[in-house]
Amino acid sequence: MISFRMPAAVALLVLGMGAVSAQDKCFDLDSEPGWISPPAWQWDYTWQELESDVAQWSEHPLVDISVIGRSVQQRPLYLLTITASGDASSRRRVWLHARTHPIESEGSFVMREIVDELLSGSPLADSLLSRCVFQALPMLNPDGVVAGNARTNARGVDLESNWYASPSEPEVEALRAYFTRVMQETNPIEVALNLHSSYRCKRYFVYHATAGTSEAYTRLEQRFIALARARFPGGIEPYTYFVSWTAGTPSRYPESWFWLNFKEAVLALTYEDMNCETHGEYDKTARALLGAIGEYLGVLGPVTRTPSALARDHGIQLDQNFPNPFGPSSFSGAQETRIIFRNTGRKPEQVRMTVHDLLGRKMAVVWEGTAAPGTRTVAYRPRGLARGVYILKAQGERGAVTRLMNYLK
Ligand SMILES: [Zn+2]
C-alpha cells in the first residue's frame, strides 16, 4: 500500500477535525506519525472492488444480498446473508462487519476470504452453513473509502467511536436498527465480529476487561480467542495483548451496545488484522475466525488433529454441549442440553461429570460411572439452577477437562 506520511502534529490537527479519539483501537499515534492521503487517493479494496465482489457473490445460490441503509452520500450498505438452503429460523446467527475505518483495507481482505470460504463448498463451510446463518456487511463506510479518508465518513465522523453520538450518522443508524430487529428474532446474533486492522502490525482481538463487562464475559472472550489462536498458531496474539475497558464500559462502540443490551448472550469483539507491509495470510485468518466461531457455538469439533495424534490416548475429552446456550429463554427454548465426551484410552475409565459455578462451587452431578473406550452422550436438564454461565467438568482418572455452558433460564 502506498502511503503518505506527515509529522505527528499535523496528523493530530487533521484527526482533531472529527469527533475522533486518536488512541482508539487500530490507530496508535504514539508509535506511528499518522497517515494522510491526497484527494484522489483510494485505499486498497475500493468501492468498485466491493461492487464487483457483490455482483459476483449475488450469483451464488446460498447468498442473499440486501441493502440495510444508505451512507451520507447515499451509497448502499450491502448485507450478505449466507446459509444452507432450507428453514434457517433456528440456525445460530453470526454477524460480521468491516471497513468502518477506510484506511484498514486488511479488514476487507479478511472479510472477502471469509465470504469466499463460506461459499467454497468446503467441509468447514458445509458444517457451518447447515447450522448457522452468517450475516456479513463488508463496507460500513463506503463514502470514506471513496474519498480516501483515513478513519471518518463523509461528514468527518469516526463511525467506530461515535456509536452513541447524537445526532447519529446514517451508517450507525442503519446498523443499530438492523441489530435491534434481529435481536428480537428466534435466532438472535450470538457472535458479532467487527473487522479492522492495526498499525501495531499484529493480529489481535480488542479484549474487554472485567471492569467493563463481567467475569463470565471475559471467560467467553478468552475461550473464543484461544479457539482462533489454536487455528492459526503463532498468527494471532493472546487476549492479554490488547486489553480495553479497564475502567468501565465506554458507551462509544458497537461492542458497547451489545454488552449494555445483551450482556453475555452476544460475544461482540473487534478483530484487528495487521495494517503494515508484512500483512497477508488472509485465508488462514478467515479460516481461524470461522473455525473459532463454529467451535464457540458448538457446531464444530475442536481443531483437527493429525491421524497419528488422534490415535493417541488423550484420556477423557469433552465436546461443547449442544445446544448452547440452552434453557427456556434461549432461542431454541431447549430445556436440556446434550453433552458428548470420549474416552480416548484403551481401557474403561471412571468418569464424573459435574457442573460448577464460576467460583468453582459444585452445583450438580450430571453423570458418574465407568466409561468404556469411545464416545458417550448424556442429556442434562438443570434443576433449580439460576440463569448464568457454568463450568462443565469431566473428571477422569488421569485428569479433568472443562467447557463453559450458558444456561438461559
Ligand atoms: Zn479500525
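Residues numbered from 1 in each chain as written. Predicted model: local features only at pLDDT ≥ 70, side-chain atom pairs only at ≥ 80, totals over all residues.

Caption draft 1: Highlighting the sheet that holds strand β12 (residues 337–343). Pairing in this open sheet of three strands is antiparallel, and the strands run β11-β12-β15 from one edge to the other. Lying at the two open borders of the sheet, with one neighbouring strand each, are β11 (316–318) and β15 (374–380). Each adjacent strand pair in this sheet contributes to an overall mean axis angle of 25°, direction not counted. As paired elements, β11 and β12 share three bridges and run antiparallel to each other. By the bridge assignment, Leu318 is partnered in β12 with Phe341. (Pairing = 2+ DSSP bridges. Helix = DSSP H or I, 4+ residues; strand = E, 2+ residues; numbered from the N terminus. Axes fitted to C-alpha atoms, helices over the stretch in contact; angles between N-to-C directions.)

Caption draft 2: Geometry of the sheet that holds strand β14 (residues 362–371). With respect to topology, four strands assemble into an open sheet ordered β14-β13-β16-β17, the strand pairing being antiparallel. The open sheet has two free edges, formed respectively by β14 and β17 (400–407), since each of these has just one partner strand. In this sheet, adjacent strand axes meet at a mean angle of 15° when their direction is disregarded.

Caption draft 3: Examining helix α9 (residues 282–296) more closely. For α9, spanning 15 residues, the distance from its first C-alpha to its last is 21 Å, which sits close to the expected 21 Å at 1.5 Å a residue. Taking burial as the measure, the 15 residues of α9 include 12 buried ones, the bulk of the element. Every buried residue belonging to α9 is among Thr285, Ala286, Arg287, Ala288, Leu289, Leu290, Gly291, Ala292, Ile293, Gly294, Glu295 and Tyr296, and all of these are buried. Where α9 is buried, its residues contact β5 (92–98), α3 (105–118), α4 (123–131), β7 (189–198), α7 (215–230) and β10 (267–274). Phi turns positive, to about 80°, at Gly298, one or two residues after α9. (Expected span 1.5 Å × (residues − 1). Buried ≥ 20, exposed ≤ 12 C-beta atoms within 10 Å, placed from the backbone. Contact = placed C-beta atoms within 7 Å.)

Caption draft 4: Representation of α7 within the structure. Between its first and last C-alpha, α7 extends 23 Å over 16 residues, near the 22 Å set by a 1.5 Å rise per residue. If you check which residues of α7 are buried, you get Tyr217, Thr218, Leu220, Phe224, Ile225, Leu227, Ala228 and Arg229. Those residues of α7 that are buried lie in contact with β8 (204–208), β10, α9 and β17.

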